[in-house]
Amino acid sequence: MSLHKLIADVDNRGRAMRVAGALQDLIALPPDALTVFEEKSTRRGEPSWRIEAYFSEARDAEALGAELDLLLGEPAPAFQATDIPDLNWVALSQAALPPVRASRFTVHGSHDRARVPQGPNAILIEAGEAFGTAHHATTYGCLVALGQLGATRRFRRILDLGCGSGVLAIAAARAWPHAAVHGVDIDRQSIVVARENAAVNRVAERISFVCGDGVSAPEIRRAAPFDLIFANILAGPLVALAPDIRRVAVPGAVIVLSGLLTREAARVLAAYLAHGFALLSHRRYDGWSTLTLAKRA
């Protein structure tokens, strides 16, 4: 058995992260493993970034590039394809991910446990089947928003909508120790991984993770309403969810929306303004946006 590797070199960090984010979050069949390495150019000594995407099935490099062109609204880098022998690519991608500092939190893998000071702000998340290690700008933006909210506000009932790896729910449980935290994802494997991550980070008893269709899940309906909601998904679903999120949010509730490209932010923001939310902040990271809003009383 072999995997298929697509390689692209990019001379701009922001562009490299936008491309990597689109590969991971937006294309129909995301790679099984994805790495972004900073390298030194041999020609002029300037830094460059290499994107390596590993697929279990062969992907046409030109077709992938065309798909990325449409998703990003800009020309994608040229990818080169090669077949490689089967290896433990999850382990390799873990080793390539250094710790990430996002506001008060440091998200790291077990391979970096020894060099990350352990405490309530250290969160151990392995790269694996449920995406969410804070290396992506969308998760990073949510964690920054969460950290700033933790310094100024108190919340009692928190929802992580589309929880993935559970990193945001875990961070919320750390920031607000007395809050009831709930996470929901339509993907059953994500819930398995999120529960494992909560246990590793010693907050399993304080977070309820359920597999279901968002706010329509019976467990989430019973737990509502919420005064803090995170939704790190995609722009289209965020727009469609605006009335449902409004329904399960108390007056004055804060919502943090991410998973959207900056060029999509206006469309998402318009949907939530129309449903009674006011913008608190708009953060931009490497071509991706994180919106923080409050429900008007």
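Throughout this document, residue positions are counted from 1 along each chain, in the order its sequence is written. At least 70 in pLDDT is required for a residue's local features to be given in this predicted model, at least 80 for side-chain atom pairs to be given and counted, and no such filter applies to totals for whole chains, interfaces and linings, which use all residues. With hydrogens and water excluded, all non-hydrogen atoms of the structure serve as input to the side-chain values.

(A) Structural context of the side chain of Glu 52. Numbering of helices and strands runs from the N terminus; a helix is a DSSP stretch of H or I covering at least four residues, while a strand is a stretch of E covering at least two. The topology assignment puts Glu 52 in strand S3 (residues 47-55). Burial classes follow relative accessibility: with a 1.4 Å probe on protein chains only, a residue under 20% of its type's maximum area counts as buried, one over 50% as exposed, and anything between as partly exposed. Positive: Lys, Arg. Negative: Asp, Glu. His and the chain ends are not part of the count. Within this document, salt bridges are pairs made up of a side-chain nitrogen of Lys or Arg and a carboxyl oxygen of Asp or Glu, the two lying within 4 Å of each other. Among buried Asp, Glu, Lys and Arg side chains, Glu 52 stands out as unpaired, with Lys 5 the closest opposite charge at 4.5 Å. Polar contacts, as counted here, are pairs of nitrogen or oxygen atoms within 3.5 Å of one another; within protein the pair requires one atom able to donate a hydrogen and one able to accept it, and residues that are adjacent in sequence qualify only if both atoms are side-chain atoms. Separated by 2.6 Å, the side chains of Glu 52 and Tyr 54 make a polar contact.

(B) Examining the packing of helix H4 (residues 137-152) against helix H5 (residues 167-175) more closely. Lines fitted to C-alpha atoms define the axes, with helix axes restricted to the stretch in contact, and inter-axis angles between N-to-C directions lie between 0 and 180 degrees. Remark: H4 packs on H5, axes separated minimally by 10 Å, with the N-to-C direction vectors making an angle of 15°. When the axes of H4 and H5 are compared, the pair comes out roughly parallel. Crossing of H4 against H5: the hand is right-handed. Contact residues: Thr 139, Cys 142, Leu 143 and Leu 146 in H4; Val 167, Leu 168, Ala 171, Ala 172 and Ala 175 in H5. Comment on the angle field: the value is read as roughly parallel under 35 degrees, roughly antiparallel over 145, roughly perpendicular from 65 to 115, and oblique elsewhere. In this scheme, a crossing is called left-handed if the near helix is turned counterclockwise away from the far one by less than a right angle; it is called right-handed if the turn is clockwise. A contact between two residues is defined here by any heavy atoms of the two lying within 4.5 Å.

(C) Looking closely at the pairing of strand S10 (residues 207-211). Summarising the sheet, strand S9 (residues 180-185) and S10 pair through 5 bridges and their orientation is parallel. Bridging from a neighbouring strand, Gly 183 pairs with Phe 209 of S10. At least two DSSP bridges between two strands are required for those strands to pair.

(D) Representation of the nonpolar core within the structure. In this structure, Ile 158, Trp 176 and Ile 207 are the most contacted members of the largest nonpolar core, which totals 35 residues. Those elements giving two or more residues to this core turn out to be strand S6 (105-108), H4, H5, helix H6 (188-200), S10, strand S11 (226-232) and strand S12 (249-261). Contact partners of Trp 176, with chain neighbours within four places excluded, come to Leu 146, Leu 149, Gly 150, Arg 153, Arg 154, Phe 155, Ile 158, Arg 206 and Leu 228. Only buried residues count toward a nonpolar core. Its members are Ala, Val, Leu, Ile, Met, Phe, Trp, Tyr and Cys residues joined through side-chain atoms within 4.5 Å.

(E) Highlighting the environment of Pro 177. By secondary structure assignment, the location of Pro 177 is in the loop between H5 and S9. Each C-alpha atom, one on Pro 177 and one on Val 203, is 9.3 Å from the other, the two residues being 26 residues apart in sequence.

(F) Spatial organisation of the pattern of salt bridges. For the structure shown, the criterion picks out 6 salt bridges. Here Arg 18 makes a salt bridge to Glu 74, at a shortest N to O gap of 3.3 Å. A residue pair is termed long-range when its members are at least 10 positions apart, and Arg 18 in helix H1 (residues 13-25) and Glu 74 in the loop between helix H2 (61-72) and strand S4 (80-85) qualify at 56 residues. Of the residues examined, Glu 74 reaches a relative accessible area of 22% and is grouped as partly exposed.

(G) Broad picture of the environment of Ile 191. For Ile 191, the location among the structural elements is in helix H6. With 28 residues separating them in the primary sequence, Ile 191 and Cys 163 have C-alpha atoms 7.9 Å apart. What Ile 191 contacts, discounting residues up to four positions off in sequence, is Cys 163, Val 184, Asp 185, Phe 209, Val 210 and Cys 211.

(H) Looking closely at the packing of helix H8 (residues 235-247) against helix H9 (residues 265-274). Where H8 meets H9, the closest approach of the two axes is 9 Å, and the angle between their N-to-C directions is 10°. For the element pair H8 / H9, the angle class is roughly parallel. Contact with H8, carried on its side by Ala 235, Gly 236, Leu 238, Val 239, Leu 241, Ala 242 and Ile 245, involves Arg 267, Val 268, Ala 271 and Tyr 272 of H9 and no other residues of that element. Asp, Glu, Lys and Arg are counted as charged, while Ala, Val, Leu, Ile, Met, Phe, Trp, Tyr, Cys and Pro are counted as nonpolar; the rest, among them Gly, fall into the polar class. A class-by-class count of the residues in the contact of H8 with H9 yields 9 nonpolar, 1 polar and 1 charged.

(I) View of the sheet that holds S9. Pairing is mixed across the open sheet formed by 7 strands, whose spatial order is S10-S9-S8-S11-S12-S14-S13. Each edge of the open sheet carries a strand with a single partner, namely S10 and strand S13 (277-285). Averaged over all neighbouring strand pairs, the angle between strand axes comes to 15°, with direction disregarded. Here strand S8 (residues 157-161) runs beside S9; their pairing, made up of 5 bridges, is parallel. Bridge pairing links Leu 159 to His 182 in S9. The sheet contacts of H5 involve S8, S9, S10 and S11, and relative to S10 the element is tilted by about 160°.

(J) Just the sheet that holds strand S5 (residues 100-102), in detail. With respect to topology, 3 strands assemble into an open sheet ordered S5-S6-S7, the strand pairing being mixed. Here the strands that pair on one side only, and so sit at the sheet edges, are S5 and strand S7 (122-124). Taking the axes of each pair of neighbouring strands and ignoring which way they run, one obtains an average angle of 25° across the sheet. Across 3 bridges, the pairing between S5 and S6 is antiparallel. Residue Val 100 lies in a different strand from S6, and its bridge partner there is Val 107. Seen against the sheet, H4 touches S5 and S6 and runs at an angle of roughly 45° to S5. This element, H5, spans S6 and S7 of the sheet and lies at about 150° to S7.

That's the geometry; what it means functionally is another story.
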